[in-house]
Amino acid sequence: MKLCPCCNVELIPKNVPTYYGRYLEVDQCPNCYGIWFDKWELVALNPEGTRDLEYRDIQSISCSPTLCPNDQVPLKPLKDPLIPKDIDIYYCPKCLGTWVSIEDLLKYKEFQKKKMHTKEQKEESSKELEEKIERLLSYQETKNNEMENLEEKIAGAVSIILVILRILSKFLK
Ligand SMILES: [Zn+2]
Ligand SMILES: [Zn+2]
């Protein structure tokens, strides 16, 4: 059972489409509508997929996420030049899941969509993208197993998130 890092209520699984046709299961809070993405799921979510998530205007609810729903590690803000400043994304340094409020998710996906529409998207490049990400992930796993130092592991893992964001942003340009 996964609990919302903001409201501590049980998260509800939702199926949403990715860029490359598959579906993934994310977890949404029935109270604040915030969404938990396991490793890499946030970047893979198709902007159109946000339609399958629940949304209500909840500006009255403001909360700052605390602990990871998977392993109760404190969440940290994800800072990257590729993420617009008004969008708050939090990640777990242990399992690399990400937490984002529904407002910020919509803003983030809108931002990705704008980039996507600036140039025509080619079918084969989404396949290439998927392969590239899978290669990176398997590379990261081998690397993780070789590394003994936990801090090194975390640093390696976080930079891989950023590398994937960069690949995606290049792809979307
Ligand atoms: Zn919540
Ligand atoms: Zn975690």
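Structure: see above.
Keep in mind it's a predicted model, so treat the numbers as computed, not measured.

A. Region of interest: the coordination of the zinc ion (ligand 2). The coordination sphere of the zinc ion (ligand 2), as far as protein atoms go, consists of Cys68 (SG), Asp71 (OD), Asp71 (OD), Cys92 (SG) and Cys95 (SG), spread over 2.2 to 2.5 Å. All donors of the zinc ion (ligand 2) belong to a single chain; written as a sequence motif, their spacing is C-x2-D-x20-C-x2-C. One end of the pair, aspartate 71, is in the loop between α1 (41-44) and β4 (76-77); the other, cysteine 95, is in the loop between β5 (89-91) and β6 (98-100), with 24 residues separating them in the sequence.

B. Here's a closer look at the coordination of the zinc ion (ligand 1). The protein atoms that coordinate the zinc ion (ligand 1) are Cys4 (SG), Cys7 (SG), Cys29 (SG) and Cys32 (SG), at distances of 2.1 to 2.3 Å. In the primary sequence, the donor residues of the zinc ion (ligand 1) line up as C-x2-C-x21-C-x2-C.

C. Quick look at the sheet that holds strand β1 (residues 12-17). Taking strand neighbours across the sheet as the criterion, the six strands line up as β1-β2-β3-β6-β5-β4 in an open arrangement whose pairing is antiparallel. Lying at the two open borders of the sheet, with one neighbouring strand each, are β1 and β4. Pairing of β4 with β5 involves two bridges; the strand directions are antiparallel. Bridge pairing links lysine 76 to tyrosine 91 in β5.

D. Examining the nonpolar core more closely. Core analysis: the largest hydrophobic core is formed by 29 residues, its most contacted members being Phe37, Leu78, Ile89, Leu105 and Leu165. Residue assignment for this core shows that the elements contributing at least two residues are β2 (23-28), β3 (35-37), α1, β5, α2 (102-118) and α4 (150-172). In terms of residue count, α4 provides more of this core than any other element does, five residues in total. Mapping this core onto the domain boundaries places at least three of its residues in each of domain 1 (12-118) and domain 2 (123-172). Among all residues touching isoleucine 89, those that are not within four sequence positions of it are Leu42, Lys76, Pro77, Leu78, Ile83, Thr98, Trp99, Val100 and Tyr108.

E. Broad picture of the pairing of β2. The sheet contact formed by β1 and β2 spans six bridges and is antiparallel. Each bridged residue has a counterpart across the sheet, and for lysine 14 the counterpart in β2 is valine 26. The antiparallel pairing of β1 with β2 creates a hairpin that spans five residues between the two strands, and glycine 21 there sits at a positive phi of about 90 degrees. For β2 and β3, the ladder comprises two bridges, and the chain directions are antiparallel. Across the sheet, residue aspartate 27 finds its bridge partner in β3, namely tryptophan 36. Following β2, the chain reverses through six residues before pairing antiparallel with β3; tyrosine 33 in that reversal takes a positive phi of roughly 65 degrees.

F. Spatial organisation of the environment of aspartate 80. The residue aspartate 80 is located in the loop between β4 and β5 in this model. Overall, the relative accessible area of 9% leaves aspartate 80 in the buried class. Expressed as a C-alpha distance, the spacing of aspartate 80 and arginine 166, which sit 86 residues apart in the sequence, is 9.7 Å. The residues contacting aspartate 80, other than those within four sequence positions of it, are Leu162 and Arg166.

Basis of the calculations
- Residues numbered from 1 in each chain as written.
- Chains lettered and ligands numbered in written order.
- Predicted model: local features only at pLDDT ≥ 70, side-chain atom pairs only at ≥ 80, totals over all residues.
- Heavy atoms only, no water.
- Donors = N, O, S within 2.8 Å, 3.2 Å for Na, K, Ca; no water.
- Helix = DSSP H or I, 4+ residues; strand = E, 2+ residues; numbered from the N terminus.
- Pairing = 2+ DSSP bridges.
- Core = buried A, V, L, I, M, F, W, Y, C linked by side-chain atoms within 4.5 Å.
- Buried < 20%, exposed > 50% of the residue type's maximum accessible area, 1.4 Å probe, protein only.
- Domains from an automatic or database assignment.
- Contact = heavy atoms within 4.5 Å.

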